[in-house]
Amino acid sequence: MKSETTERQPLIPAAHFRQQLSATRRGARLARLLAVQQLADWGWARDGEAVQTAALLVAELAANAVVHGRVAGRDFLLALAVSPTAAVVPTTPATLRIAVSDCRGERLPAPGPASQPTDEYGRGLLIVETLAARWGTEPRPPSGKTVWAEIVLGGGPMG
Ligand SMILES: Nc1ncnc2c1ncn2[C@@H]1O[C@H](COP(=O)(O)OP(=O)(O)OP(=O)(O)O)[C@@H](O)[C@H]1O
Ligand SMILES: [Mg+2]
């Protein structure tokens, strides 16, 4: 007889991570490294699809925050949040929400048209659109914004 637990989606506890980082190339690189480390600490395989996808999304959003959303002397913020799957809502898969907040609320992300293979810029948000289940932008009072992207997680930290 199958046990009840093998038929249910594994429980993924809610988890949160926030880190303020300097709005520099180094800060953007650190955002990606910290995100991978945090997901690994939460039990996700470093070389698994979820972590690799999350790393790409963090890299693109953080790069945009330091290139396009930078305000001199101000940091940007990386936040990761895993929503819980639980017996409470067993049909709802867990999602990882990546949120990158910068201080330039008056300038918003503007995905370009499909880029040419030779284009050097304008690919980041196309990558985000392709990889994320959902993404968007929210104001972050008093003068900033948050660009967020969500991916649906698989069958659990080891899945
Ligand atoms: N955080 C942000 N703040 C302000 N503007 C942004 C932000 N992110 C993106 N944008 C705007 O959206 C445009 C498209 O972003 P996208 O990441 O697709 O391309 P890119 O950053 O110009 O080039 P690439 O990512 O290929 O190096 C940017 O050129 C910029 O004008
Ligand atoms: Mg970009």
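The rules we used
Residues numbered from 1 in each chain as written. Chains lettered and ligands numbered in written order. Predicted model: local features only at pLDDT ≥ 70, side-chain atom pairs only at ≥ 80, totals over all residues. Heavy atoms only, no water. Near = heavy atom within 4 Å. Polar contact = N/O pair within 3.5 Å; in protein donor to acceptor, adjacent residues only side chain to side chain. Nonpolar A, V, L, I, M, F, W, Y, C, P; charged D, E, K, R; others polar. Axes fitted to C-alpha atoms, helices over the stretch in contact; angles between N-to-C directions. Helix = DSSP H or I, 4+ residues; strand = E, 2+ residues; numbered from the N terminus. Parallel < 35°, antiparallel > 145°, perpendicular 65-115°, else oblique. Left-handed = near helix turned anticlockwise from the far one by under 90°. Contact = heavy atoms within 4.5 Å. Buried < 20%, exposed > 50% of the residue type's maximum accessible area, 1.4 Å probe, protein only. Salt bridge = Lys/Arg side-chain N within 4 Å of Asp/Glu carboxyl O. Core = buried A, V, L, I, M, F, W, Y, C linked by side-chain atoms within 4.5 Å. Expected span 1.5 Å × (residues − 1). Phe/Tyr/Trp six-rings, centres within 6.5 Å; stacked < 30°, edge-to-face > 60°. Lys NZ or Arg CZ within 6 Å of the ring centre and 35° of its normal. Pairing = 2+ DSSP bridges.

Student: I would appreciate a short explanation of the site of ligand 1 in the present structure.
Tutor: The environment of ligand 1 is formed by 15 residues, the closest being His 68, Gly 122, Arg 123, Leu 125 and Lys 145. Within the backbone of Leu 125, one N or O atom sits 2.9 Å away from an oxygen atom of ligand 1. Its residues assigned to classes, the shell around ligand 1 comprises 5 nonpolar, 5 polar and 5 charged.

Student: I keep staring at the packing of helix H2 (residues 25-41) against helix H3 (residues 49-67) and nothing clicks. Help me out?
Tutor: For any two helices packed against each other, the geometry comes down to the angle between their axes and how far apart the axes lie. Contact geometry for H2 and H3: axes closest at 8 Å, N-to-C directions at 155 degrees. Taken together, the axes of H2 and H3 lie roughly antiparallel to each other. Taken as a pair, H2 and H3 cross one another with a handedness that is right-handed. Contacts from Arg 25, Ala 28, Ala 31, Arg 32, Ala 35, Val 36 and Leu 39 in H2 reach Val 51, Ala 54, Ala 55, Val 58, Ala 59, Ala 62, Ala 63, Val 66 and Val 67 in H3. Broken down by class, the residue content of the contact of H2 with H3 amounts to 14 nonpolar, no polar and 2 charged.

Student: Quick question: what am I supposed to make of the side chain of Glu 150 here?
Tutor: With respect to the helices and strands, Glu 150 occurs in strand E5 (residues 144-152). Take Glu 150: its relative accessible area is 10%, and that puts it in the buried class. A polar contact of 3.1 Å, which involves the side chain of Glu 150, links it to the side chain of Arg 97. Discounting residues that sit within four places of it in the chain, Glu 150 has contacts with Thr 95, Leu 96, Arg 97, Ala 132, Ala 133 and Arg 134.

Student: Before we go on, may I ask you to explain the pattern of salt bridges in this structure?
Tutor: Proximity of charged atoms lets side chains of opposite charge pair with each other. Within the structure shown, the criterion is met by 5 salt bridges. A salt bridge links Arg 97 to Glu 150; the shortest N-O distance between them is 3.1 Å. Taken together, the residues span a long stretch of sequence, with Arg 97 in strand E3 (residues 95-102) and Glu 150 in strand E5 at a distance of 53 residues. For Arg 134, the salt bridge is made with Glu 150, and the minimal N-O distance between the two is 3.1 Å. You can see Arg 134 sitting in strand E4 (residues 134-140) and its partner Glu 150 sitting in strand E5, a full 16 residues away along the chain.

Student: Got a minute to help me understand the nonpolar core in this structure?
Tutor: Note on soluble globular proteins: their nonpolar side chains tend to be buried together. Core analysis: the largest hydrophobic core is formed by 34 residues, its most contacted members being Phe 76, Leu 78, Leu 80, Leu 96 and Ile 98. Only strand E1 (15-21), H2, H3, strand E2 (76-82), E3, helix H4 (124-131) and E5 provide two or more residues apiece to this core. Among the elements that line this core, the one with the most residues is H3, at 9 residues.

Student: Looking at this structure, how should I read H3?
Tutor: Owing to its 3.6 residues per turn, the α-helix brings residues three or four apart onto one side. Taking 1.5 Å as the rise per residue, H3 with 19 residues should run 27 Å; its terminal C-alpha atoms sit 27 Å apart, in good agreement. Lining the buried residues of H3 we find H2, E2, E3, H4 and E5.

Student: I keep staring at the packing of aromatic side chains and nothing clicks. Help me out?
Tutor: Counted according to the given criterion, the structure contains 0 aromatic pairs. Sitting over the face of the ring of Trp 148, Arg 97 holds its NZ or CZ atom 4.4 Å from the ring centroid.

Student: Quick question: what am I supposed to make of the sheet that holds E2 here?
Tutor: Pairing between the strands of a sheet is mediated by backbone hydrogen bonds and can be parallel or antiparallel. Pairing is antiparallel in the open sheet, where 5 strands are placed in the order E1-E2-E3-E5-E4. The open sheet terminates on both sides in strands that have one partner only, identified here as E1 and E4. In this sheet, neighbouring strand axes are inclined to one another by 15 degrees on average, regardless of whether the strands run parallel or antiparallel. Relative to E3, E2 runs antiparallel, the two being bridged by 6 bridges. Residue pairing in the sheet places Ala 79 in a bridge with Ala 99 of E3. Against the sheet, H3 touches E2, E3 and E5, its axis set at about 15 degrees to E3.

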